[in-house]
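# Residue-level structural notes
Take a look at the letters that make up each chain.
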Amino acid sequence: MGNKEDWEEIQKWVENEEIRKKNTFKIDIDKIDIEKKAKRMNIVTGFLNSILKTTKIGFLLIIAIVVFCAFTFANVGFSNMRTSFNADITSIERQHNIKMKIISEDTDENGNGSYEMALKKKQDICFKAVKKRRKFNR
């Protein structure tokens with residue numbers, strides 16, 4: 001009879017241990033289907049990995065666009081600096097060894113604006129110069 005009592009005591013201990021685990025973890029560990037859980041985790045992990053790859057690609061694209069825009073703006077700024085020069089009409093005449101006359105001008109009080117000029121010898125050759133901040137743009 002001692003063997004039967006020991007067996008009942010072990011069963012009570014197992015039942016008490018299961019109740020303790022349920023109370024501790026708030027789930028029934030023995031009844032969880034581990035394979036289904038693993039499949040769900042694999043699906044979630046694959047989904048999160050695809051989101052991470054997409055985010056990395058998007059981040060790299062944004063960096064490439066920003067770098068492209070920066071180079072474009074820098075190129076436009078430098079080309080504007082290359083096409084403007086400090087001069088007045090007499091220095092242009094001396095530099096190119098020509099005589100010009102101003103046909104029309106649309107300027108403000110500082111002399112900034114647009115000038116339409118023609119050669120004195122050949123009236124049919126005319127050009128327009130824009131003056132901004134004491135610089136003529138070609």
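Residues numbered from 1 in each chain as written. Predicted model: local features only at pLDDT ≥ 70, side-chain atom pairs only at ≥ 80, totals over all residues. Heavy atoms only, no water.

Right, let's get into the overall build of the protein chain. Tallying secondary structure elements over the protein chain gives 3 helices and 5 strands in all. For the protein chain, the N- to C-terminal ordering of α and β elements is α-α-β-α-β-β-β-β. Going through the 138 residues of the protein chain one by one, you find that 12% of them count as buried. Once local pairs closer than 6 in sequence are excluded, the contacts in the protein chain between residues at least 24 apart make up 22%. (Helix = DSSP H or I, 4+ residues; strand = E, 2+ residues; numbered from the N terminus. Buried < 20%, exposed > 50% of the residue type's maximum accessible area, 1.4 Å probe, protein only. Contact = heavy atoms within 4.5 Å.)

What follows concerns the pairing of strand β3 (residues 113-119). Looking along a regular strand, one sees side chains alternate from face to face of the sheet. Extensive coverage of β3 is indicated by the burial of 6 of its 7 residues. In this structure, strand β2 (residues 100-107) lies alongside β3, joined through 7 bridges in antiparallel fashion. Note on β3: the bridge partner recorded for S104 is E116. Pairing analysis gives 6 bridges linking β3 to strand β4 (residues 126-132), with the strands arranged antiparallel. (Pairing = 2+ DSSP bridges.)

The next thing to look at is a nonpolar patch on the surface. Taken together, the side chains of F59, L60, I63, V67 and F71 define a hydrophobic patch exposed on the protein surface, amounting to about 530 Å² of accessible area. Position of V67 relative to the elements: it lies in helix α2 (residues 34-82). A residue is classified by how much of its surface remains accessible, and V67, at 40% relative accessible area, is partly exposed. (Patch = residues over 30% accessible without salt bridge, like charges linked within 9 Å, V, L, I, M, F, W, Y side chains within 5 Å. Areas by Shrake-Rupley, 256 points an atom, 1.4 Å probe, with all protein chains shown as cover. Salt bridge = Lys/Arg side-chain N within 4 Å of Asp/Glu carboxyl O.)

The next thing to look at is the confidence of the model for the protein chain. Caution applies to low-pLDDT parts of the model: their predicted coordinates are not meant to be read in detail. For the protein chain, per-residue confidence averages 78 on the pLDDT scale, and residues scoring 70 or more make up 80% of the total. Mean pLDDT in the protein chain bottoms out at strand β1 (residues 84-86), which sits at 56, and peaks at α2, which reaches 86. (pLDDT = per-residue confidence, 0-100.)

A cluster of basic side chains, namely K36, K37, K39 and R40, defines a positive patch on the protein surface. Within the secondary structure, K37 is located in helix α2. (Lys, Arg positive; Asp, Glu negative; His and termini not counted. Charge placed at Lys NZ, Arg CZ, Asp CG, Glu CD.)

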